[in-house]
Amino acid sequence: MKVNPEKVLLVEDEANIARFVRLELEHEGYAVTLAADGEEALERFNEQDWDVILLDWMLPKLDGLEVCRRIRKTSDVPVILLTARDYIGDKIAGLDRGADDYITKPFEIEELFARMRAVSRRHRAAIEKNREEKLKIADLEADLRSRQVVRGGDSIELTQREFDLLVFLMRHQGEALSRDWLLSAVWGYDFAGETNVVDVYIRYLRNKLDRDYEPKLIHTVRGIGYILRTS
């Protein structure tokens, strides 16, 4: 066991899966607490600070999406959804509720470990980056501390994932960013194949940030991806 082990809240109602994952996590040096339904998950969540939450989608009492939504009201702790649902709409729904990543059952335990390390790295990096204050391009401003976005004097409400995507675009303004790069940087995937998620979220941002404003800021780079620029 590590001197200061990372604390993992594992929320899984299938006893065999919970037992297997817990044993593997503890073998890797994590300190694991189990919860078997959505209500118990929220009780355990409120008891202490966690480093990572592994959250099953289909749970008794409260499903994983609702648990994630409530967690996001007070915490940005990394959350990985464990799901048997492989439909792209379901994946987007999970990410929109605040999940940092998802892994589809059945999964290899080494892939789960890799995803846990990845979300933890991104979380630590986000804490460092949020020490900056504001990003600005034209009349668009993003406050990294309050996570508030303003364009043309209007406050724009973004989901967590939309905000993270916008911040990455703003930090790389003037650069042509491929879908794979955006996917890896914002969602943390290290493989191709889900780039349509990027297109969906770019459309969300355009509807909120560009549709009623000039100049248009988010541009398509044919054959590559997207770029944030003023012309």
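Residues numbered from 1 in each chain as written. Predicted model: local features only at pLDDT ≥ 70, side-chain atom pairs only at ≥ 80, totals over all residues. Heavy atoms only, no water.

**Student:** What's the story with the pairing of strand β6 (residues 134-137) in this structure? I'm lost.
**Tutor:** Strand residues, when the strand is regular, have side chains that alternate between the two faces of the sheet. Residues of β6 alternate between two faces, with L135 and I137 buried on one and K134 and K136 left unburied on the opposite face. Bridge count between β6 and strand β7 (residues 140-143): 4 bridges; the pairing is antiparallel. Following the sheet pairing, K136 is matched in β7 by E141. Two successive antiparallel strands, β6 and β7, enclose a turn made up of 2 residues, where A138 displays a positive phi of approximately 55 degrees. (Buried < 20%, exposed > 50% of the residue type's maximum accessible area, 1.4 Å probe, protein only. Helix = DSSP H or I, 4+ residues; strand = E, 2+ residues; numbered from the N terminus. Pairing = 2+ DSSP bridges.)

**Student:** Please clarify how the nonpolar core should be interpreted in this entry.
**Tutor:** In globular proteins that are soluble, nonpolar side chains generally tend to be buried together. In this structure, I53, L55, L165 and W187 are the most contacted members of the largest nonpolar core, which totals 54 residues. Setting aside residues no more than four positions away along its own chain, L165 makes contact with L182, V186, W187, Y201, I202 and L205. Judged by nonpolar contacts, the second largest core, of 17 residues, contains L10, Y30, F113 and M116. (Core = buried A, V, L, I, M, F, W, Y, C linked by side-chain atoms within 4.5 Å. Contact = heavy atoms within 4.5 Å.)

**Student:** I keep staring at helix α1 (residues 15-27) and nothing clicks. Help me out?
**Tutor:** Each turn of an α-helix holds 3.6 residues, which means side chains three or four residues apart point in the same direction. The end-to-end C-alpha separation of α1 is 18 Å, in line with the 18 Å expected for 13 residues at 1.5 Å each. By the burial criterion, the buried members of α1 are A18, V21 and L25. For α1, the angular spread of the buried residues around the axis is 75 degrees, confining them to a single face. What points out from α1, more than 90 degrees from its buried face, is the exposed set N16, L23 and H27. G29 sits one or two positions beyond α1 and adopts a positive phi of about 100 degrees. (Expected span 1.5 Å × (residues − 1). Arc of directions from axis to C-beta.)

**Student:** Just checking my understanding: could you explain the UniProt feature "modified residue: 4-aspartylphosphate" (unreviewed entry) in the protein for this structure?
**Tutor:** As annotated in UniProt, the feature "modified residue: 4-aspartylphosphate" (unreviewed entry) corresponds to D56 in the numbering used here. Along the polypeptide, D56 turns up in strand β3 (residues 52-56). For D56, a relative accessible area of 3% gives the class buried. Beyond its immediate stretch of four places on either side in the chain, D56 contacts V11, E12, D13, G64, L82 and K105. (UniProt positions renumbered as here; feature names shortened; annotations may be inferred.)

**Student:** Please explain the side chain of E66 as it appears in this structure.
**Tutor:** With respect to the helices and strands, E66 occurs in helix α3 (residues 64-71). One polar contact links E66 to R70, side chain to side chain, over a distance of 2.8 Å. (Polar contact = N/O pair within 3.5 Å; in protein donor to acceptor, adjacent residues only side chain to side chain.)

**Student:** Would you mind showing me how to read the packing of helix α4 (residues 88-96) against helix α8 (residues 196-210) here?
**Tutor:** Where α4 meets α8, the axes come as close as 11 Å, and the angle between the chain directions of the two elements is 55 degrees. Here α4 is positioned oblique relative to α8, judged by the angle of their axes. In this structure, the crossing between α4 and α8 has a hand that is right-handed. Residues I88, I92, L95 and D96 of α4 touch α8, and the partners they reach there are N196, V197, V200, Y201 and Y204. Classifying every residue of the contact of α4 with α8 by side-chain character gives 7 nonpolar, 1 polar and 1 charged. (Axes fitted to C-alpha atoms, helices over the stretch in contact; angles between N-to-C directions. Parallel < 35°, antiparallel > 145°, perpendicular 65-115°, else oblique. Left-handed = near helix turned anticlockwise from the far one by under 90°. Nonpolar A, V, L, I, M, F, W, Y, C, P; charged D, E, K, R; others polar.)

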